[in-house]
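Tertiary structure, described
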Amino acid sequence: MSLPEFRLLRPRAVHEAVAMLGKHAGNLRVLAGGTDLIPSMKQRLFDPEYVCDLRGITELRGIRQQSSGAVEIGALTTLSTIERSTYLRQHFPVLTKAAATVASPVLRNMGTLGGNICLDTRCLWYNQSLAWRKGCGFCIKKDGDLCHVAPGGSKCWAAFSADTPPALLCLNAEIEIASPAATRRLPLRDFYTGDGVNYRKLLPTELVTRVFLPAESADCRGVYRKLRIRGSIDYPLAGVAVLVKRSNGMVVDARIGLTAVNPAPVLVRGLPGLLGGKIIDEALAEAAGDIAARMAKPLTTSALTPEYRREMIRVFTKRALLAAAAN
Ligand SMILES: Cc1cc2nc3c(=O)[nH]c(=O)nc-3n(C[C@H](O)[C@H](O)[C@H](O)COP(=O)(O)OP(=O)(O)OC[C@H]3O[C@@H](n4cnc5c(N)ncnc54)[C@H](O)[C@@H]3O)c2cc1C
Ligand code: SF4
């Protein structure tokens, strides 16, 4: 498959990039590592007139520790850099563990944290060539008006399938968004909509520029578990991030983030009441697994059945909690 024709824009600074976004809004796609954008353009999922290549914006690369213990990560920082950061491994292990499972080493050398956060939702009926999709009459997510997964409905249920966002949700991360007019900051949990088509709250004139990890989320135990078909290189079909803060063995705080089983990454609700002040054992971990599985609403958007993916959320949550609680 070949790429469609486009004009390449190469800004050197954030203000140049957002000016380009402002000028060509709606007819431009942002390219970071390109590991998802380029294959998607070959499949004609996107056919923009302009591609804005962010890779020349050096100010958006790198991990900066702040004296408070908080950390700022540029949106263009590669997943390999995150995976290999000694500081992040020590203080924010749930993020480095999730980053280390994305795709393959070569793709992690190219793929960025910003691109992972902004990754398009995925579905068996969508991530296909133009000819394939045309043969099926297209669907709501692109060029059509019906959903093959939930016929009769008007919503797209394509699954949000990136690995680092559930870990970032557990860390209470915030993101910075730049536009031609201003810069705003919002909690990552408010970024996703839960709709498979318009899956993120980002205007065509806006760019994700930075990610902030708060100091109060540092030094917690973190585990990430992922279900995929090809262990060496594949998107998650179910993913669980677990963060646990303990004192004298008892849970002070626990957060669980899920990915690939809903149109948005989600934080599991109701955990403080279940786990707070307790020592995690088999029964508690199992109860948390049941709660997590209830929040997972997978549909037939991928090669594995929804039932299996939901069950693996239950199993992974239990295992991840026990691993996080092990001495
Ligand atoms: C074979 C294969 C396997 C993969 N497996 C996984 C996997 O296991 N887990 C996983 O999470 N991903 C996987 N991916 C997808 C991809 O490699 C990663 O998600 C990667 O992190 C995307 O980052 P990128 O910088 O390459 O994004 P790009 O491809 O450059 O961009 C992705 C999307 O985000 C937008 N975007 C990028 N940066 C910004 C920004 N700063 N602001 C606003 N919008 C932005 C782009 O316009 C595009 O829509 C896989 C891809 C392939 C080809
Ligand atoms: S969930 Fe439905 S509308 Fe969305 S991509 Fe899949 S088939 Fe298309």
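Up top is the structure.
A brief look at the structure comes next. Source: prediction; values computed, not measured. (Residues numbered from 1 in each chain as written. Chains lettered and ligands numbered in written order. Predicted model: local features only at pLDDT ≥ 70, side-chain atom pairs only at ≥ 80, totals over all residues. Heavy atoms only, no water.)

For the protein, the count of helices and strands is twelve helices and twelve strands. At 20 Å, the protein has a C-alpha radius of gyration in line with the 20 Å of a compact globule built from 327 residues. The C-alpha extent of the protein, read off along each of the three principal axes, is 60 × 50 × 35 Å. For the protein, buried positions account for 55% of its 327 residues. On the protein, roughly 14200 Å² of surface is accessible, and the fraction owed to carbon and sulfur atoms is 52%. In the protein, 43 positive and 28 negative side-chain charges are present, and the distance between their average locations comes to 3 Å. (Helix = DSSP H or I, 4+ residues; strand = E, 2+ residues; numbered from the N terminus. Rg over C-alpha atoms; globule rule 2.2 N^0.38 Å. Buried < 20%, exposed > 50% of the residue type's maximum accessible area, 1.4 Å probe, protein only. Areas by Shrake-Rupley, 256 points an atom, 1.4 Å probe, with all protein chains shown as cover. Lys, Arg positive; Asp, Glu negative; His and termini not counted. Charge placed at Lys NZ, Arg CZ, Asp CG, Glu CD.)

This part covers the sheet that holds strand 12 (residues 266-267). Across the sheet, four strands lie side by side as 9-10-11-12; this open sheet has antiparallel pairing. Of all strands in the sheet, those with a lone pairing partner are strand 9 (221-227) and strand 12, marking the two edges. Sheet analysis places strand 9 next to strand 10 (residues 238-247), joined by seven bridges and oriented antiparallel. Note on strand 10: the bridge partner recorded for valine 223 is valine 242. (Pairing = 2+ DSSP bridges.)

What follows deals with the pairing of strand 6 (residues 174-178). Extensive coverage of strand 6 is indicated by the burial of four of its five residues. Bridging between strand 6 and strand 7 (residues 183-187) involves five bridges; their strand directions are antiparallel. Looking at the pairing, isoleucine 175 lines up with leucine 186 of strand 7. Joining the antiparallel neighbours strand 6 and strand 7 is a turn of four residues. Examined bridge by bridge, strand 6 and strand 8 (residues 207-213) share five bridges and lie antiparallel to one another. Across the sheet, residue glutamate 174 finds its bridge partner in strand 8, namely phenylalanine 212.

Further remarks concern helix 12 (residues 306-325). The end-to-end C-alpha separation of helix 12 is 29 Å, in line with the 28 Å expected for 20 residues at 1.5 Å each. Along helix 12, the residues that are buried comprise Pro306, Arg309, Met312, Ile313, Val315, Phe316, Thr317, Lys318, Ala320, Leu321, Ala324 and Ala325. Contact partners of the buried residues in helix 12: strand 9, strand 10, strand 11 (250-259), helix 10 (271-275) and helix 11 (282-295). (Expected span 1.5 Å × (residues − 1). Contact = heavy atoms within 4.5 Å.)

Around ligand 1, the surrounding shell holds 35 residues, and the nearest of these are Val30, Thr35, Thr112, Asp163 and Asp234. With respect to ligand 1, the backbone of glycine 33 contributes an N or O atom lying 2.7 Å from an oxygen atom. At a separation of 2.9 Å, a nitrogen atom of ligand 1 approaches a polar backbone atom of valine 208. Among the secondary structure elements, those contributing two or more residues to the shell around ligand 1 are strand 2 (28-31), helix 7 (113-117) and strand 8. Taken together, the residues that form the shell around ligand 1 break down as 19 nonpolar, ten polar and six charged. (Near = heavy atom within 4 Å. Polar contact = N/O pair within 3.5 Å; in protein donor to acceptor, adjacent residues only side chain to side chain. Nonpolar A, V, L, I, M, F, W, Y, C, P; charged D, E, K, R; others polar.)

Spatially, the three strands line up as an open sheet ordered 1-3-2, and their pairing is parallel. At either margin of the open sheet sits one strand with a lone partner, and together these are strand 1 (7-9) and strand 2. This sheet shows a mean twist of 25° between the axes of neighbouring strands, independent of strand direction. Across three bridges, strand 1 lies against strand 3 (residues 50-53) in parallel orientation. Paired with leucine 9 across the bridge in strand 3 is cysteine 52. (Axes fitted to C-alpha atoms, helices over the stretch in contact; angles between N-to-C directions.)

Turning to the pattern of salt bridges, a few remarks are in order. Inspection of every chain in the model, using the stated rule, returns 21 salt bridges. Residues arginine 122 and aspartate 36 are paired through a salt bridge, measuring 4.0 Å at the closest nitrogen-oxygen approach. In this pair, arginine 122 is assigned in the loop between helix 7 and helix 8 (130-135) and aspartate 36 in the loop between strand 2 and helix 2 (37-42), connecting sequence segments 86 residues apart. Residue arginine 122 shares its accessibility class with aspartate 36, and that shared class is buried. Between arginine 64 and glutamate 72 there is a salt bridge, with its nearest N and O atoms 3.3 Å apart. Here the salt bridges do not stand alone but share partners, grouping Glu282, Glu286, Asp290, Glu311, Arg314 and Lys318 into one network. (Salt bridge = Lys/Arg side-chain N within 4 Å of Asp/Glu carboxyl O.)

What follows deals with the nonpolar core. Buried together is how nonpolar side chains tend to be arranged in soluble globular proteins. Membership of the largest hydrophobic core comes to 42 residues, with the highest contact counts inside it found for Ile73, Ile117, Leu168, Ile175, Phe191, Val211 and Leu213. Once residues within four sequence positions are removed from consideration, isoleucine 117 is found in contact with Phe160, Pro165, Leu168, Ile175, Leu188, Phe191, Tyr192 and Val211. (Core = buried A, V, L, I, M, F, W, Y, C linked by side-chain atoms within 4.5 Å.)

Below, the discussion takes up unusual backbone geometry. Positioned with a positive phi, arginine 44 is a non-glycine residue whose angle comes to about 60°. In this fold, arginine 44 is placed in the loop between helix 2 and strand 3. With a phi angle near 70°, aspartate 143 is a residue other than glycine that sits in the positive phi range. In this structure, aspartate 143 sits in the loop between helix 8 and helix 9 (164-170).

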